[in-house]
Amino acid sequence: MSWNPTHLPDQHGRTAVVTGGSAGIGYHVAEQLAAAGAHVIVAARSPQRTEAAVASIRGQVPGASVEGIPLDLADLVSVQQAAAGLQRRGPVDILVNNAGVTSGAERTETADGFETMFGTNHLGHFALTLQLLPALLERPTGRVVTLGSLTHTRAALTLDDLQSFHSYRSMRVYGRSKLAALLFAFELDRRLRAAGSPAVSLAAHPGWAVGELDPARPPVWSPTTAQRLRGAALALMAQSKQRGAWPVVRAALDPLAAGGRYYGPGGVGKLKGAPVAQRAADHAYDHSVAARLWDISETLTGVCWPLKEEEPAKR
Ligand SMILES: NC(=O)c1ccc[n+]([C@@H]2O[C@H](COP(=O)([O-])OP(=O)(O)OC[C@H]3O[C@@H](n4cnc5c(N)ncnc54)[C@H](OP(=O)(O)O)[C@@H]3O)[C@@H](O)[C@H]2O)c1
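Residues numbered from 1 in each chain as written. Predicted model: local features only at pLDDT ≥ 70, side-chain atom pairs only at ≥ 80, totals over all residues. Heavy atoms only, no water.

Novice: Describe the overall build of the chain, with residues and values.
Specialist: On a plain count of helices and strands, the chain comes out with 9 helices and 10 strands. Against the 2.2 N^0.38 benchmark of 20 Å for 315 residues, the chain shows a C-alpha radius of gyration of 18 Å, consistent with a compact globule. Referenced to the eigenvectors of the C-alpha coordinate spread, the extents of the chain come out at roughly 50 × 45 × 40 Å. A buried classification covers 57% of the 315 residues belonging to the chain. Within the chain, contacts between residues separated by at least 24 positions form 75% of all contacts whose residues are at least 6 apart in sequence. When the accessible area of the chain is evaluated, it comes to approximately 13200 Å², of which 54% is carbon and sulfur surface. Mean positive and mean negative side-chain charge positions of the chain (31 and 26 charges, respectively) differ by 6 Å. (Helix = DSSP H or I, 4+ residues; strand = E, 2+ residues; numbered from the N terminus. Rg over C-alpha atoms; globule rule 2.2 N^0.38 Å. Buried < 20%, exposed > 50% of the residue type's maximum accessible area, 1.4 Å probe, protein only. Contact = heavy atoms within 4.5 Å. Areas by Shrake-Rupley, 256 points an atom, 1.4 Å probe, with all protein chains shown as cover. Lys, Arg positive; Asp, Glu negative; His and termini not counted. Charge placed at Lys NZ, Arg CZ, Asp CG, Glu CD.)

If you want it as structure tokens, here you go:
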């Protein structure tokens, strides 16, 4: 079936949580899900930016059902509080693990002492997803979509130095954090199936998505003339973050998207274009590395997998 990213299936009555929905791709994912009729919860760390995103979505989508909640993925207490707050609100149909950081040349740490990119991009989402699982299992078709990146293809996970104590190079560590996110996404789907759960886990990447090509969404995003000119120069290779959201939204909404699928732009170099199913690099599907990463992630976060194999999940 062909997929039209501008004509989405109706989502009224469904609830979607988007991490990092205050800016960039996450903002556009939230806006597109709201336009499809979903109740959207923007989970982000800055109250001001979250409020601005919620107001902008309401401005863009008449009648949008949208709210914001605080979530700092670089702080496990905040993650636990966000998961508990979401759980109290009721069932969740879609969780989009979108938020991501790239750090600078110096190694930095999260509130819990994890290297910032590994701690935020992978461990924060790992803890959030596992703690939100009961709310996802309350729906017949709960879905988790986790953001990867093309950088995972060149990344190698050093399981004995996940915190990059011994070797820190910013872009290399970012690539590793996105490889960890993909290993998590595919392992989560395997575990859900092994537990007989109806929920599924998928992954997506936006290609190369730049704000310079985005439509204005003041005060969330108001590009300057210089940014517009830069965008024009980038347009041959890159796409807007609004379009970078398309593979994510397809993974979240396409009724034919099976668990374990990976969506990205279908154009040259997978950098831009219409959202299509793709295959990640082989090492993103490595079961034994994924299982070891999972165990380490449970130990580091103190959050454990709540389901038993073959246990019929709550419907
Ligand atoms: N853009 C690309 O070409 C590209 C390519 C491959 C993959 N990706 C992935 O796509 C996702 C979105 O990227 P983007 O380009 O839209 O990035 P972005 O414009 O920098 O937006 C990132 C979002 O994540 C939020 N965030 C950062 N740290 C957080 C934390 N500790 N807790 C909660 N939220 C946090 C940010 O919130 P604040 O507003 O508070 O900073 C912001 O809303 C990321 O996972 C990224 O790795 C992007």
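Novice: Explain the packing of aromatic side chains residue by residue, including any values.
Specialist: Inspection of the entire model under this criterion finds 6 aromatic pairs. A ring pair is formed by Trp294 and Trp305, whose centres lie 5.6 Å apart and whose planes are at 85°; its orientation type is edge-to-face. Of this pair, Trp294 sits in helix 9 (residues 287-301) while Trp305 sits in the segment after helix 9, and the two are 11 residues apart along the sequence. Note on accessibility: Trp294 and Trp305 belong to one class, buried. Each residue in the set Phe126, Phe184, Trp294 and Trp305 is aromatic and connected to the rest through ring pairs, giving one cluster. (Phe/Tyr/Trp six-rings, centres within 6.5 Å; stacked < 30°, edge-to-face > 60°.)

Novice: Tell me about the site of the ligand, and please be specific about residues and values.
Specialist: Around the ligand lies a shell of 26 residues, among which Ile25, Arg49, Asn98, Tyr174 and Lys241 are the nearest. Within the backbone of Ile25, one N or O atom sits 2.8 Å away from an oxygen atom of the ligand. Take Lys178: an N or O atom from its side chain is 2.8 Å from an oxygen atom of the ligand. In isolation the ligand exposes 890 Å². Once the protein is present, 86% of that is buried. For the shell around the ligand, the secondary structure elements donating two or more residues are helix 1 (24-35) and helix 5 (170-194). Within the shell around the ligand, the residues separate by chemical class into 12 nonpolar, 9 polar and 5 charged. (Near = heavy atom within 4 Å. Polar contact = N/O pair within 3.5 Å; in protein donor to acceptor, adjacent residues only side chain to side chain. Nonpolar A, V, L, I, M, F, W, Y, C, P; charged D, E, K, R; others polar.)

Novice: Just give me the short version of the nonpolar core, but keep the residues and values in it.
Specialist: One finds Leu157, Phe186, Leu293 and Trp305 to be the most contacted residues of the largest nonpolar core, which totals 54 residues. Within the residue set of this core, elements represented by two or more residues are strand 2 (39-44), helix 3 (76-89), helix 4 (116-137), helix 5 and helix 9. A per-element tally of this core places helix 4 first, with 11 residues. Core analysis: the second largest hydrophobic core is formed by 35 residues, Leu33, Val40, Ala53 and Ala251 among them. (Core = buried A, V, L, I, M, F, W, Y, C linked by side-chain atoms within 4.5 Å.)

Novice: Lay out the packing of helix 4 against helix 9 with the relevant residues and their values.
Specialist: The N-to-C vectors of helix 4 and helix 9 enclose an angle of 85°; their axes lie 10 Å apart at closest approach. It follows from the interaxial angle that helix 4 and helix 9 lie roughly perpendicular. Taking contact as the criterion, the partners of Phe118, His122, Leu123, Phe126, Ala127 and Leu130 in helix 4 are, on helix 9, Leu293, Trp294, Ser297, Glu298, Leu300 and Thr301. Here the contact of helix 4 with helix 9 is composed, by residue class, of 8 nonpolar, 3 polar and 1 charged. (Axes fitted to C-alpha atoms, helices over the stretch in contact; angles between N-to-C directions. Parallel < 35°, antiparallel > 145°, perpendicular 65-115°, else oblique.)

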